[in-house]
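A look at the structure
Residues per chain are reported as follows:
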Amino acid sequence: MQTAAPDTDPTLGPDPEAFMRPERLATLPPTRLSAGRALVNRMSRERWRIEIVRFDIDDRARGDALYRVHAPGRTFDFMVFSFEPKLEGRTGRIIGTDWDMMGSLVEGEAGEAEMRATRAEFPKLYAGRATPGTLVWCRSNRSLRLFDHVIERLASGRQPDVDELWRVGYLMRNTGLDGNGTFGTRSYLALEDDHPLRGPYQAQMLSAYLMREFSFDLAEHLARLADPGAARLDPDLKRLLGLGNGSALGLVFFANNHPALLDRWLTLRFAAVAEARARPAVPGGAEWNRAVELLERAIAFYDEDPFRYHSFTPAATVADGLRRIAKAMAGAEPPGTFGELVDAAAEVGPDAVEVGNAILLELRPEATDAWLRYQPVDETLTRRPAQRVGELRDLLDREYAWTRRFEMADPAQRRFRWYKSRDAEEPRRGPVEEVPEGFEWALDLPGDIQRLARALRDEPADRTVGEFLAAHPAERATVQRVQGLAGRRYHSPHMNMLAGDFTPAHVVRLMNSAFHGLDKTVDGLGRNVLGLLFHGAPVAADLEAGRAADWIYPRRPEER
């Protein structure tokens, strides 16, 4: 796979010293560059076709289904294994042992032998192995109360209660999207350059989209089995509903373990935003009118948000900031660029400014989408043993001065230990005294950099790094990270994840919202983040008809 770096001006991006702090990164909303939105926009533009090949599921939701996806030049099959819901072993966490559905996305058409093998292997999960050509294994659970409500309403010939749909937002909730080599799935770096799912997380997002489609089809199917005259779920209500998603500490590890990918994603986003902000704001022009329309929709979207946010900015505050942008656009003398207009929200806070930036990326969709081809990145980090110690010291001073903010000798800066559960290697965090024997899995980047700087302090400046590492082999991993990421500005959140005041949910939200494309990302306990994928997105019939291009910031529908 090609992983060419984009030709961008690094001065166009924000100052990492301020922007890479977790609380600031958490303000980034979904954009056209987010994985979920990028996939839906591509499927709509290319009119992907999704068909149900078979749907053999009984009135207790037990059975199999097979979906076939027709993309330009490619076919993918999505195998579904459906189960009767039960409370035992049921959890939204990765340690679950029972799910309401399991799915497998494979390249080409799946035969009976492949379905049998997947049906046998998937329940083993960590001990199982995917069949050749498998891209993703996924699983999800119903929102039991809302799912039952929808079935009951449809079976009685009525539509479900809109208030209920709006408050929950999904019929099924994702509990795992495993790909990129996990369980023997195909790595995205091994995909051909013309592969429709070659970008990071595109295969996972297609699986998530198909789980959402299955949730609609299953609800209608069970309603018809209860009463052959059952109603179909209104298409507008389907579009409203997303796929639920819950994430926690594992995404902090993901951000730590994929610094090159993090830097590439953020670099592309900042370049696209800088380009959009520099555009002249011409009242009455096509871009101006589109900005006004999307701004009005975004204000309503945040005003109508029913969720309560704890570690994040309330939706009502974001709406107030967006109103300031609208007021600036309605002024007699609007500023010269769209970026100046968006900055009218700065007094309220960065969240509204970032939503304004996301709107600007919609004004010239082709120009924004052109950045997507650069998302794949080679994540290999290479040591440079011939570099001189003096150069390495300068690199630490230049790019890691932020680590000095943390006094790592202070017990408060080492309050928590990050460890993994014995059951399923689930990431967890606890006070050091509660897990004194636990292995520390955290990336102690401030501590590592400070230790490396001390070790380098008295070394001769002209000594090679290779010679230094021969005498200090414990520093090899830190040196490899520092040298391999040299010159990149946005690779590591400026955080001490061991500290008592560190809020993991900030980094989790960055991944869920900005990268994956979730809306309404609500935090719990400062570490868990719940949200909605494909909230307002087109359904399969819309994709094939090519009528799905404009779907962000959905409004609350009227009662049916």
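Structural notes, computed from the coordinates. (Residues numbered from 1 in each chain as written. Predicted model: local features only at pLDDT ≥ 70, side-chain atom pairs only at ≥ 80, totals over all residues. Heavy atoms only, no water.)

Attention now goes to the overall build of the protein. In terms of regular secondary structure, the protein is built from 21 helices and 11 strands. A globule of 560 residues ought to have a C-alpha radius of gyration of about 24 Å, and the protein, at 24 Å, matches this closely. On the principal axes, the C-alpha backbone points of the protein span a range of 85 × 65 × 45 Å. Taking all 560 residues of the protein together, 56% fall into the buried category. For the protein, the share of sequence-separated contacts (at least 6 apart) that also reach a separation of at least 24 residues comes to 74%. (Helix = DSSP H or I, 4+ residues; strand = E, 2+ residues; numbered from the N terminus. Rg over C-alpha atoms; globule rule 2.2 N^0.38 Å. Buried < 20%, exposed > 50% of the residue type's maximum accessible area, 1.4 Å probe, protein only. Contact = heavy atoms within 4.5 Å.)

Turning our eyes to something else, we now look at the sheet that holds strand E2 (residues 63–71). Pairing is mixed across the open sheet formed by nine strands, whose spatial order is E1-E2-E3-E4-E5-E6-E7-E11-E10. One side of each edge strand has no neighbouring strand; the edge strands of this open sheet are strand E1 (49–57) and strand E10 (519–524). Averaged over all neighbouring strand pairs, the angle between strand axes comes to 25°, with direction disregarded. Where E10 and strand E11 (residues 528–533) come together, four bridges link them in antiparallel fashion. Across the sheet, residue Asp519 finds its bridge partner in E11, namely Leu532. Across the sheet, helix H4 (residues 112–121) touches E1, E2, strand E3 (74–82), strand E4 (101–107) and strand E5 (134–142), and the angle it forms with E3 is around 45°. (Pairing = 2+ DSSP bridges. Axes fitted to C-alpha atoms, helices over the stretch in contact; angles between N-to-C directions.)

Let us now look at the pattern of salt bridges. Evaluation of the coordinates by the stated rule reveals 51 salt bridges. With a shortest N-O distance of 3.1 Å, Arg290 and Glu293 are connected by a salt bridge. Linking Arg290 with Glu293, this pair stays in helix H11 (residues 286–303), spanning three residues, or about one helical turn. Across the pair Glu347 and Arg324 runs a salt bridge whose closest N-O atoms are separated by 2.9 Å. Remark: Arg324 occurs in helix H12 (residues 315–330) and Glu347 occurs in the loop between helix H13 (338–342) and helix H14 (350–360); sequence separation between them is 23 residues. Judged by its relative accessible area of 37%, Arg324 falls in the partly exposed class. If you follow the salt bridges from partner to partner, you end up with Arg54, Asp56, Asp64, Glu112 and Arg119 in one network. (Salt bridge = Lys/Arg side-chain N within 4 Å of Asp/Glu carboxyl O.)

Structurally, Glu114 can be placed in helix H4. Buried Glu114, no salt bridge; nearest opposite-charge side chain is Arg68, N-O distance 9.0 Å. Apart from residues lying up to four places away in sequence, Glu114 is in contact with Met79, Val106, Glu109, Thr131 and Pro132. (Lys, Arg positive; Asp, Glu negative; His and termini not counted.)

Turning to the packing of aromatic side chains, a few remarks are in order. For the structure shown, the criterion picks out 18 aromatic pairs. A ring pair is formed by Tyr126 and Phe183, whose centres lie 5.6 Å apart and whose planes are at 80°; its orientation type is edge-to-face. Here Tyr126, found in the loop between H4 and E5, pairs with Phe183, found in the loop between strand E6 (170–179) and helix H7 (202–226); they are 57 residues apart in sequence, far enough to count as distant. Among the residues examined, Tyr126 registers a relative accessible area of 42% and is labelled partly exposed. Ring geometry for Trp265 against Phe515: centres 4.3 Å apart, planes inclined by 55°, an arrangement best described as tilted. Of this pair, Trp265 sits in helix H10 (residues 259–277) while Phe515 sits in helix H20 (residues 504–516), placing them 250 residues apart in sequence. Classification of Trp265 by relative accessible area gives buried; the value is 7%. Put simply, the rings of Phe122, Tyr126, Trp137 and Phe183 touch in pairs and so form one group of aromatic residues. (Phe/Tyr/Trp six-rings, centres within 6.5 Å; stacked < 30°, edge-to-face > 60°.)

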